[in-house]
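Geometric and topological summary
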Amino acid sequence: MLLLFSFSTLWYFSAGLPDYKKLSNYQPPISSRVYSKDSKLIAEYAIEKRLFIPFESIPTKVVNAFLSAEDKNFFSHPGIDAKGILRAVLKNIKNISQNKRLEGASTITQQVAKNFLLTNEVSMKRKVKEAILAFRIERAYKKERILELYLNQIYLGQGTYGIAAASLEYFDKSIKELNYSEAALLAALPKAPSKYNPYKYPEVAKFRRNLVLENLEENNFISKKELNNLKKSEIRLKKRKIEIVNEANSYTEEVRRTVKKIYGFEKLYSQGFSISTPLKIDYQIQALKSLRKGIEDYDHRRGWRGPITNKLRNKNWKKTLSNYKLDPTLNWYFAEIISLNENEIKIELTNKKKEIIRDTLHLKDIKWTIPKKKLIKDIYKIGDIIFVKKEKKSWIIKQYPKVNGGIVVIDPYTGDVLALAGGFNFKKSEFNRVTQAKRQPGSAFKPIVYAAALENGFAPNSIILDAPFVESQGVGLKNWKPENYGKKFYGPSTFRKGIEYSRNLMTVRIAKVLGLDEILNLSKQLNIYDEIPELLSVSLGAAETTLMNLTSAYAPFVNGGNKIEPKLISRIQDRRGKTIFQEKSRKCIGCDKFINEEIKLPKIEENKKRVISEETAYQMTSILEGVVKRGTAKKLKSLNVPLAGKTGTTNDNYDAWFIGFSSNLVIGVYIGYDNPKTLGKYETGSKAALPIFKDFVENALFKEDFNDFKIPKNIFLTSLNYHTGTKTAPGEKNSIIEALKLKDINNIDNNNLISTNGRDNIIKFRQFY
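To start, this report covers the structure provided alongside it. (Residues numbered from 1 in each chain as written. Predicted model: local features only at pLDDT ≥ 70, side-chain atom pairs only at ≥ 80, totals over all residues. Heavy atoms only, no water.)

Turning next to the packing of aromatic side chains. The full count for this structure, using the stated rule, is 29 aromatic pairs. Look at F469 and W480: their rings are 6.5 Å apart centre to centre, the planes differ by 75 degrees, and that puts the pair in the edge-to-face class. Taken together, the residues F469 in the loop between β14 (463-466) and β15 (491-494) and W480 in the loop between β14 and β15 connect sequence positions 11 residues apart. W480 shares its class with F469; the two are buried. Ring geometry for F661 and F709: centres 5.7 Å apart, planes at 75 degrees, overall edge-to-face. Highlighted residues: F661 in strand β21 (residues 655-661) and F709 in the loop between α24 (685-700) and β23 (715-721), separated in sequence by 48 residues. Across this residue pair, the class does not change: F661 and F709 are buried. Here a set of aromatic residues connected by ring pairs shows up, and it is made of Y324, W332, F334, F387, Y400 and F424. Lying across the ring of Y490, R503 places its NZ or CZ 3.8 Å from the centre. (Phe/Tyr/Trp six-rings, centres within 6.5 Å; stacked < 30°, edge-to-face > 60°. Helix = DSSP H or I, 4+ residues; strand = E, 2+ residues; numbered from the N terminus. Buried < 20%, exposed > 50% of the residue type's maximum accessible area, 1.4 Å probe, protein only. Lys NZ or Arg CZ within 6 Å of the ring centre and 35° of its normal.)

Written as structure tokens, this is what we have:
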């Protein structure tokens, strides 16, 4: 009868049990991690903060600690520990009489059954199901597999799951580096992670750790002497530090979006990808600093807009402040003005340590906020709340800018994106102005027009007419009449001067003679545009593109004419270390063969697509060097290093650009309002964007980082007159060294004026200007 009852009970509770066999293929969700070029951790993506570690990599100390804390008979029982149950029953009789919490007697196998296959429901029914599943799991899997599942799945507090993540969170160590004291602390946590949290309750955590240490001694894993020494030791915690989080947010968010697009949300957040990027941390930090400085400098030129709010006049001042989401890397604080006079302002603020700080802002520190013929008392009032930042030993006033922008740094040979900052404050706006903002590049597009021209018969010393230009736009539409900046004309000028001084009328004439097809074709090959209208205004940068696309389009000028694809991800590995994604790399011919003196060395086969010739690439580099030496980017000349680049400004100064490069870097900068409007009079690419480039170069690079641009063997250098393009003796007044192709050598003194059509009658159209 008892046997029949037992069988019936087992049959009843076995019905509808989860399939335990799925544990054979179970992979716990683990964190995906992003690494910089020098293997520093810069971001993590996870639903549950976990790192998977196979059983064979788990140290004996950790195994012993958890067995002693949770299930000392694990390797000998069949899934249920009868002795443990009897011991718990006897103990619970006493606990009931003393009104204490009841103890359980679940084995590690039972906990696996509960955590993976059942719910946390507290009932006899669940306990019976748990026991049945434990028996089945023990028959199906080795003890090592069961323990591996348990140690990688358990919650250990602080948002961590599994021993590997917890070891990093509490000790900033690999589990292989843990001593018995640390292993015992981890083993103490599964019982009640919140209650025994060593950060919040160190004394309670130490008491629980010591109980585990006593169990270790009782089970002969440590000696009595070791126990006494370990119990006396203090808990030493070291919170894990990620190298950078906030400075690289724009970059890592772009990586996250890319990986999510390829593999989906679930895999990114649960499959433990190891994502390698080409990001250089020092470049990234400086890029963000330079961008912020440039934006703030522009904002200062627009003047002071007043305090954030006034504590005494606005009952909802706290709500007003809460609307400001500040990136911690800004290191800005809210400060209240508590008194003022004609020479200074007294402020009060609370720092990160919750200390109240009182200090003074002197007139010289806030002078930019006070218009002429105004006094401090005219601008500020007691109770005003402002932003301040500690710089060196004094506090300075800050104003949150309305304008925004982006900066990107690319290796022109590999396409590696070494740094990317997509905005002033990522915490307020995740919108990436490097990859997502499509804006008109203005004159920053002109080098593409000039490169197409050099590929199709033009030379740096070709003469182009700089004069009024009119183009019909169709029946019923006004004629299109582009203008130079400043609305002046300069007559016949060399091709080189057209781009060095960013002459719109010369550029349009070149486009007219060349034909839009050549320009559009090169633009598409360089991925600047997908689809663009066949209008001459495109030659002046009227079509929209992104900073990333335009910056990477300048790379062929440096690398000898080869197209690059900008890449933020070098490689992705799965949880087992298998490479599942890698950017296209060069093919090595002969690398699979044994090398000796009789066999030729392997060769690297380039798979890059050539978009312009080496000669054209260098000619463009030489011309863009002229932009720095004599043209719109001459503010960079003081750096006294080999640099080239082009400014860009759109109609009414809506957008400001600068794309510049050295022999091994291409750097793009963009400044503009998210809701397009003018930046203001005189706020050109040279004034608003170029200083950001300059600040980055000055602070991120060293003299030894710069080399002269490589000259191809089929380029001939000769001395020409800068204004006429005709041959001169070296050193003569107005002479420059020009880079010419072989076909151009015989035409040095035969520079005919390149015209377009009858519309180039200056007198006829002067009335429009």
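The rest of the description comes next.
Where helix α17 (residues 446-454) contacts helix α23 (residues 614-629), the two axes come as close as 10 Å, and the packing angle between them is 135 degrees. The pairing of α17 with α23 is recorded here as oblique in orientation. For α17 against α23, the interelement crossing comes out right-handed. Here P447, Y450, A451 and L454 of α17 lie close against α23, whose contacting residues are T616, Q619, M620, I623 and L624. (Axes fitted to C-alpha atoms, helices over the stretch in contact; angles between N-to-C directions. Parallel < 35°, antiparallel > 145°, perpendicular 65-115°, else oblique. Left-handed = near helix turned anticlockwise from the far one by under 90°. Contact = heavy atoms within 4.5 Å.)

Moving on, we get to the nonpolar core. In terms of nonpolar packing, the biggest core is built from 127 residues, with I275, Y283, I407, Y554, F557, L624 and F661 touching the most fellow members. At eight residues, α24 tops the list of elements feeding residues into this core. Ignoring sequence-local partners within four residues, the contact set of I407 consists of A287, L291, A419, L420, A421, V434, L547, I667, G668, V669, I692 and F696. Among the nonpolar cores identified, the runner-up in size contains 47 residues, and V112, L147, A183 and L213 belong to it. (Core = buried A, V, L, I, M, F, W, Y, C linked by side-chain atoms within 4.5 Å.)

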